[in-house]
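Now for the letters of each chain:
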Amino acid sequence: MEKIAIAIDGPAGAGKSTIAKAVASKLGIAYIDTGAMYRAVALNILRNKLQISDIDKICELTRNTDIAIKGGRVFLNGGDVSREIRDNEVGKLSSPVSAIPYVREKLVELQRKMAQSESVIMDGRDIGTNVLKDADVKIFLTASIDERSMRRYLEFKSRGCSVDLKSVKSDITKRDELDTTRKLNPLKPADDAVIIDTTSKSIKEVIEEVLSIIKARCNDAL
Ligand code: DC
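Predicted model only: the values in this text are computed from it and were never measured.

1. Concerning the environment of Lys-201
Thinking step 1. Tracing the backbone shows Lys-201 in the loop between β8 (194-197) and α9 (203-218).
Thinking step 2. Relative accessible area serves as the criterion here: at 30%, Lys-201 is assigned to the partly exposed category.
Thinking step 3. C-alpha of Lys-201 to C-alpha of Ala-143: the two residues are 58 residues apart in sequence and 9.5 Å apart in space.
Thinking step 4. Polar contacts involving the side chain of Lys-201 include one to the side chain of Glu-209, which spans 3.1 Å.

2. With respect to the sheet that holds strand β1 (residues 5-9)
Thinking step 1. Pairing is parallel across the open sheet formed by 5 strands, whose spatial order is β2-β6-β1-β7-β8. Where the open sheet ends on each side, the last strands, each with one partner, are β2 (30-33) and β8. Sheet twist, expressed as the mean angle between neighbouring strand axes with direction ignored, is 20 degrees.
Thinking step 2. Summarising the sheet, β1 and strand β6 (residues 120-124) pair through 5 bridges and their orientation is parallel. Within β6, the position partnered with Ala-5 by the bridge is Val-120.
Thinking step 3. Contacts from helix α2 (residues 34-47) reach β2 and β6 within the one sheet, and its direction differs from that of β2 by about 40 degrees.

3. Points about the site of the ligand
Thinking step 1. The environment of the ligand is made up of 16 residues, and the closest members are Arg-39, Arg-104, Arg-125, Asp-126 and Arg-175.
Thinking step 2. Between Asp-126 and the ligand, the recorded distance is 2.8 Å, taken from a side-chain N or O atom to a nitrogen atom.
Thinking step 3. Arg-182 is positioned with one of its side-chain polar atoms (N or O) 2.9 Å from an oxygen atom of the ligand.
Thinking step 4. Contact with the protein chains covers 97% of the free accessible surface of the ligand, which is 450 Å².
Thinking step 5. Taken together, the elements giving at least two residues each to the shell around the ligand come down to α2, α4 (88-97) and α8 (165-181).
Thinking step 6. Of all the elements, α2 adds the most residues to the shell around the ligand, at 4 residues.

4. Re the pairing of strand β3 (residues 67-70)
Thinking step 1. Note: β3 against strand β4 (residues 73-76), 4 bridges, orientation antiparallel. Its bridge partner being in β4, Ala-68 is matched across the sheet by Phe-75.
Thinking step 2. Two successive antiparallel strands, β3 and β4, enclose a turn made up of 2 residues, where Gly-71 displays a positive phi of approximately 55 degrees.

5. Brief notes about the packing of α2 against α4
Thinking step 1. Orientation of α2 relative to α4, taken along the N-to-C sense of each, is 105 degrees, at an axis distance of 8 Å. The angle between α2 and α4 falls in the class roughly perpendicular. Judged by residue contacts, Tyr-38, Arg-39, Val-41, Ala-42, Leu-43, Ile-45 and Leu-46 of α2 engage Glu-89, Val-90, Gly-91, Leu-93, Ser-94 and Val-97 from α4.

Conventions used here
- Residues numbered from 1 in each chain as written.
- Predicted model: local features only at pLDDT ≥ 70, side-chain atom pairs only at ≥ 80, totals over all residues.
- Heavy atoms only, no water.
- Helix = DSSP H or I, 4+ residues; strand = E, 2+ residues; numbered from the N terminus.
- Buried < 20%, exposed > 50% of the residue type's maximum accessible area, 1.4 Å probe, protein only.
- Polar contact = N/O pair within 3.5 Å; in protein donor to acceptor, adjacent residues only side chain to side chain.
- Pairing = 2+ DSSP bridges.
- Axes fitted to C-alpha atoms, helices over the stretch in contact; angles between N-to-C directions.
- Contact = heavy atoms within 4.5 Å.
- Near = heavy atom within 4 Å.
- Areas by Shrake-Rupley, 256 points an atom, 1.4 Å probe, with all protein chains shown as cover.
- Parallel < 35°, antiparallel > 145°, perpendicular 65-115°, else oblique.

By themselves, these figures tell us nothing about what the structure is for.
Below you can see the structure in the form of structure tokens.
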């Protein structure tokens, strides 16, 4: 099989990871969740009790930190942090952390290396516009703020976290604002991305839609 690269971007709660994971498994290619990498950096900052204003210390810490994704699990200095990075506090901090230039530089370099060796489907905020500018297919998934907040709320509930819908919506609104207005590689659809609004669509419908776009563009490679 020829090597392919698929970029899936979009705001928090748009369904990127659910869709990307399912599509990757159907196509038999690797799935890379780049948001998980920013979350791992945020968790490291919390563990080391640094403040978001300690930019120099954050850069130093990140320089000496090993972040890896293997078999869908996320590792911070060799330890599996796949569950911990989903905590609400880590998610909230990951947004300002992702605006630090050195953090982006280090993670983008890692992400590009991952896509060099094998076919990948990568999800995030700047995959189509920056990390994999030459991706074979670029998808931008979005949904209304109410729908995205409800999805995140249900996700937290299913993990036994005590959260209320209003604060989940307020956190997502703040993250949207930070992610779309930061100077470096803000969240926005690439000019050549296909935009899919998932608001009133089922997961199955979106998976089928994404698969048919990929098959139409990469048929020879699949
Ligand atoms: O997708 P997520 O919620 O796990 O992402 C966590 C944060 O990481 C998000 O608020 C923005 C940042 N991020 C980014 O800046 N660039 C990416 N490619 C992926 C995530």
